[in-house]
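The primary structure of each chain is shown beneath.
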Amino acid sequence: MLEKMNARMATMAQGSNGPDTLGRVSMGIGLACGILNLFFYNIVLSMLSSMGIFYALYRLFSRNVPQRQRENERFLELLKQPGAARERRRKKAADRGALVRVECEECGQGLSVPKGKGTIRVVCPKCQHETIATT
């Protein structure tokens, strides 16, 4: 009996999208809302739980693989954005002790120059004006 069920599941899964990040996240949200719903019964939590689980199952067994892959790629790009912003802030904080901010005399563009180099000439990338900066 188990062999028959495994064979049916294998044939049903052939050509389908399979598990991906968006499906796993929606399943996790559905399960989390379901667990929260056990403690704090709320119709909204119940609906979110059902919708998350059904959406994950829909993605799992969908045969429109290219469309599901595009959706997953867009979701992954959305996940990368906060990480990239956090990395920029971390790098800026690390450079804070080693760099000095100077403004271009012509256009007001902010320029970063290394600290402790004495008097140096800095060329603005925006207007190509040469500024003398003391660091």
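Okay, so let's go over this structure. Everything quoted here is computed from the prediction, not taken from an experiment.

**Brief notes about the packing of helix H2 (residues 21-39) against helix H4 (residues 65-95)**
Alright, step 1. Two elements in contact, H2 and H4, have axes separated by 8 Å at closest approach and are oriented at 70 degrees. Considered as vectors, H2 and H4 are oriented roughly perpendicular to each other. Residues Thr21, Leu22 and Val25 of H2 form the contact with H4, whose participating residues are Glu71, Asn72, Phe75, Leu76 and Leu79.
Alright, step 2. Its residues assigned to classes, the contact of H2 with H4 shows 5 nonpolar, 2 polar and 1 charged.

**With respect to unusual backbone geometry**
Alright, step 1. Phi at Gln128 takes a positive value of approximately 65 degrees, unusual for a residue other than glycine.
Alright, step 2. Along the chain, Gln128 falls in the loop between strand E3 (119-123) and strand E4 (130-134).

**Overview of the pattern of salt bridges**
Alright, step 1. For the structure shown, the criterion picks out 6 salt bridges.
Alright, step 2. Among the ionic pairs, Asp20 bridges to Arg59, the shortest N-O distance being 2.5 Å. Note that Asp20 is positioned in the loop between helix H1 (2-13) and H2 and Arg59 in helix H3 (residues 43-61), a separation of 39 residues in sequence.
Alright, step 3. Asp20 sits in the buried class, given a relative accessible area of 10%.
Alright, step 4. For Arg59, the salt bridge goes to Glu71, with nearest N and O atoms at 2.5 Å.

Thresholds, definitions, all that
Residues numbered from 1 in each chain as written. Predicted model: local features only at pLDDT ≥ 70, side-chain atom pairs only at ≥ 80, totals over all residues. Heavy atoms only, no water. Axes fitted to C-alpha atoms, helices over the stretch in contact; angles between N-to-C directions. Helix = DSSP H or I, 4+ residues; strand = E, 2+ residues; numbered from the N terminus. Parallel < 35°, antiparallel > 145°, perpendicular 65-115°, else oblique. Contact = heavy atoms within 4.5 Å. Nonpolar A, V, L, I, M, F, W, Y, C, P; charged D, E, K, R; others polar. Salt bridge = Lys/Arg side-chain N within 4 Å of Asp/Glu carboxyl O. Buried < 20%, exposed > 50% of the residue type's maximum accessible area, 1.4 Å probe, protein only.

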